[in-house]
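Given next are the chains, with one letter for each unit.
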Amino acid sequence: MRLKCCLLSAAELIVTPKSSVMYEPIQVFGKNLPKSSEVALRTTLVNTENKFHFESLNRYRTNVFGSFSSAFSPTLPGSGYTGVHTSGPLWSMRPMEGSRARLQMEKIDTELEYQFELLDSNNDRLALEKMTKVFMPPDIQRTGISSGNIQGALFVPKVKRKTEKRKAVITIFGGAM
């Protein structure tokens, strides 16, 4: 008599890219999960230095292959956002009690570590993944400027060649004096 045995692969959670700038999209992909089942993705950002504690909880239904993707799978009711969006688990995050209300950095070169936790319908952890985001990439130089009461900063790309073209972003904040 021959015994047949099959090995079940452990649930896997993949977040790409592992490190990126804030404005770059991410994708979250789960595989080796039960087919056509509901899973939850809890995304957390905790940074004690900046007093951040943000979280989102989004629910997905796996497909017939036992996988889901934030880029292709719609969220289920009770999620932090509705529909399909590749970076939805990040932009649907909300401040928790005691957290600063806005994701505003004191030091913009600080890396922020996000944690992604995949949960089954009983809230048992199936998989865990981490990634980092930064506001200012390493190839940008910040230069503070001031003129009288006006203060600001220039963010200038460190250009390797004079003919190299770079994207520019202008952000203006203001208030009454």
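Placed above this text is the structure.
Residues numbered from 1 in each chain as written. Predicted model: local features only at pLDDT ≥ 70, side-chain atom pairs only at ≥ 80, totals over all residues. Heavy atoms only, no water.

Asks: Describe the overall build of the protein chain, naming the residues involved and giving the relevant values.
Replies: A count of helical and extended segments in the protein chain gives one helix and eleven strands. Beginning at the N terminus, the succession of helices and strands in the protein chain can be written as β-β-β-β-β-β-α-β-β-β-β-β. Taking all 177 residues of the protein chain together, 32% fall into the buried category. Pairs at least 24 residues apart make up 51% of the contacts formed inside the protein chain by residues separated by at least 6 positions. Per element, the accessible surface of the protein chain, about 12400 Å² overall, is 54% carbon and sulfur. (Helix = DSSP H or I, 4+ residues; strand = E, 2+ residues; numbered from the N terminus. Buried < 20%, exposed > 50% of the residue type's maximum accessible area, 1.4 Å probe, protein only. Contact = heavy atoms within 4.5 Å. Areas by Shrake-Rupley, 256 points an atom, 1.4 Å probe, with all protein chains shown as cover.)

Asks: How would you explain the sheet that holds strand β7 (residues 94-95) if you had to name every residue and give the values?
Replies: Within the open sheet, the six strands sit side by side as β2-β9-β8-β4-β5-β7. Their pairing is mixed. Taken across any chain shown, the strands that pair with only one partner, and hence form the sheet edges, are β2 (19-21) and β7. As paired strands, strand β8 (residues 112-119) and strand β9 (residues 125-134) are joined by eight bridges and run antiparallel to one another. Paired with Leu 112 across the bridge in β9 is Lys 133. (Pairing = 2+ DSSP bridges.)

Asks: Explain the sheet that holds strand β6 (residues 68-69) to me, using residue names and the numbers behind them.
Replies: Read from one edge to the other, the open sheet built from three strands follows the order β1-β3-β6, with strand pairing classed as antiparallel. Two strands bound the open sheet, and with one partner strand each, they are β1 (12-16) and β6. Sheet topology note: the strand β3 (residues 27-31)/β6 ladder contains two bridges and is antiparallel. Among the inter-strand pairings, Phe 29 is bridged to a residue of β6, identified as Ser 69.

Asks: Requested: an account of the pairing of β8, with residues and values cited.
Replies: Burial of β8 is extensive: six of the eight residues sit out of reach of the surface. Pairing analysis gives six bridges linking strand β4 (residues 38-47) to β8, with the strands arranged antiparallel. Paired with Leu 45 across the two strands is Tyr 114, which belongs to β8. Hairpin connection, β8 to β9: the antiparallel pair is bridged by five residues, and Asn 123 has positive phi, about 65 degrees.

Asks: Summarise the pattern of salt bridges; cite the residues concerned and give the values.
Replies: A complete count under the given rule lists six salt bridges for this structure. Of the charged contacts in the structure, one is a salt bridge between Glu 129 and Lys 18, with a shortest N-O distance of 2.9 Å. A residue pair is termed long-range when its members are at least 10 positions apart, and Glu 129 in strand β9 and Lys 18 in the loop between β1 and β2 qualify at 111 residues. Arg 59 is paired through a salt bridge with Glu 38; the nearest N and O atoms lie 3.9 Å apart. With a gap of 21 residues between them, Arg 59 in strand β5 (residues 52-61) and Glu 38 in strand β4 connect regions that are remote in the sequence. Classification of Arg 59 by relative accessible area gives partly exposed; the value is 23%. Accessibility expressed as a relative area gives 32% for Glu 38, which makes it partly exposed. (Salt bridge = Lys/Arg side-chain N within 4 Å of Asp/Glu carboxyl O.)

Asks: Give a description of the pairing of strand β10 (residues 140-147) that names residues and reports values.
Replies: Sheet topology places β10 next to strand β11 (residues 150-157); eight bridges connect them, and they run antiparallel. Of the residues in β11, the one forming a bridge with Ser 146 is Gln 151.

Asks: How would you summarise the nonpolar core if you had to cite specific residues and measurements?
Replies: With 22 residues, the main nonpolar core has Leu 13, Ile 26, Val 28, Phe 68, Tyr 114, Phe 116 and Leu 118 as its most contacted residues. Of all elements in the fold, only β1, β4, β5, β8 and β9 reach the threshold of two or more residues within this core. Tallying contributions element by element places β8 first for this core, with four residues. Apart from residues no more than four positions distant in its own chain, Val 28 is found in contact with Leu 13, Ile 14, Val 15, Leu 41, Phe 68, Ser 69, Ser 70, Pro 89 and Phe 116. (Core = buried A, V, L, I, M, F, W, Y, C linked by side-chain atoms within 4.5 Å.)

Asks: Report on the environment of Pro 137, specifying residues and quantitative values.
Replies: Structurally, Pro 137 can be placed in the loop between β9 and β10. Look at Pro 137 and you get buried, because its relative accessible area is 14%. Between the C-alpha atom of Pro 137 and that of Val 21, which follows or precedes it by 116 residues, the distance is 6.2 Å.

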